[in-house]
Amino acid sequence: MVYLFLADGFEEIEAVATVDVLRRGGVDLKTVSVGDTLTVTGAHGVSVSADMLFADGDYGNAKMLILPGGMPGTKNLGEHGGLVKLLQEHNKKGRWIAAICAAPSILGKLLILRNQQAVCYPGFEDALVEAYVRKERVMVSGNIVTSRGPGCAVEFALQLVTLLKSKETADEVAAGMIV
């Protein structure tokens with residue numbers, strides 16, 4: 001199972017495009033609200049209904065944890081104690097973690113990006129503590145995938161399909177979407 005975490009103020013394009021592309025690719029994915037309700041409102045006023053609440057999840061065998069960016073969504077995700085602990089445990093096991101836009105800053109502050117290559121939304125580079133900051137649109141380094149922002153969301157999601165399924169599956173999804 002793959003989990004994408006949502007907090008009020010998330011970047012809608014990054015979350016919804018990623019969910020859509022991964023599901024088109026046959027990835028078993030659940031959206032998770034870190035708030036008290038399933039309804040989560042994005043940075044631009046678009047509300048979505050998450051599949052589950054954080055407290056209801058069993059993340060022990062998660063294949064990947066995904067963090068969309070946006071403000072104040074990134075701040076809200078980074079302040080969720082349960083999610084922070086989960087990210088640290090998941091990283092210690094060497095399992096996939098993906099973050100886009102401002103969300104790589106959460107990983108940076110937790111030193112998860114130490115000695116990894118990473119990218120983020122312009123202006124958040126200082127939060128990528130001990131990382132090798134790059135300028136690519138999507139970066140895979142070790143067990144970490146990072147991306148720069150909303151305009152990279154489909155490319156980011158296709159990279160995740162490649163990692164979780166195959167390059168052939170990602171290419172089929174891209175072709176069907178005219179990417």
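Residues numbered from 1 in each chain as written. Predicted model: local features only at pLDDT ≥ 70, side-chain atom pairs only at ≥ 80, totals over all residues. Heavy atoms only, no water.

Caption draft 1: Representation of the packing of helix H5 (residues 153–164) against helix H6 (residues 167–176) within the structure. Here H5 crosses H6 at 145°, and the two axes come no closer than 7 Å. The segment H5 lies against H6, with Leu158, Val161 and Thr162 engaging Lys167, Thr169, Ala170, Val173 and Ala174. Broken down by class, the residue content of the contact of H5 with H6 amounts to five nonpolar, two polar and one charged. (Axes fitted to C-alpha atoms, helices over the stretch in contact; angles between N-to-C directions. Helix = DSSP H or I, 4+ residues; strand = E, 2+ residues; numbered from the N terminus. Contact = heavy atoms within 4.5 Å. Nonpolar A, V, L, I, M, F, W, Y, C, P; charged D, E, K, R; others polar.)

Caption draft 2: Expanded view of the environment of Arg148. Here Arg148 shows up in the loop between strand S11 (144–147) and H5. Setting aside its immediate chain neighbours within four residues, Arg148 contacts Ile100, Cys101, Val119, Cys120, Tyr121, Pro122, Lys135, Glu136 and Arg137. In this structure the side chain of Arg148 is engaged in a polar contact, spanning 3.4 Å, whose partner is the backbone oxygen of Cys120. (Polar contact = N/O pair within 3.5 Å; in protein donor to acceptor, adjacent residues only side chain to side chain.)

Caption draft 3: Geometry of the nonpolar core. In terms of nonpolar packing, the biggest core is built from 30 residues, with Val2, Leu22, Ile66, Phe156 and Leu160 touching the most fellow members. Among the elements of the structure, strand S1 (2–6), helix H1 (12–24), strand S6 (64–67), strand S7 (96–100), H5 and H6 are those that each provide at least two residues to this core. Sorting elements by how many residues they give to this core places H5 first, with seven residues. Not counting residues up to four positions away in its chain, the partners in contact with Leu160 are Thr18, Leu22, Met64, Ile66, Ala98 and Val145. In this structure, Ala7, Met52, Leu67 and Leu107 belong to the second largest nonpolar core, which totals 27 residues. (Core = buried A, V, L, I, M, F, W, Y, C linked by side-chain atoms within 4.5 Å. Buried < 20%, exposed > 50% of the residue type's maximum accessible area, 1.4 Å probe, protein only.)

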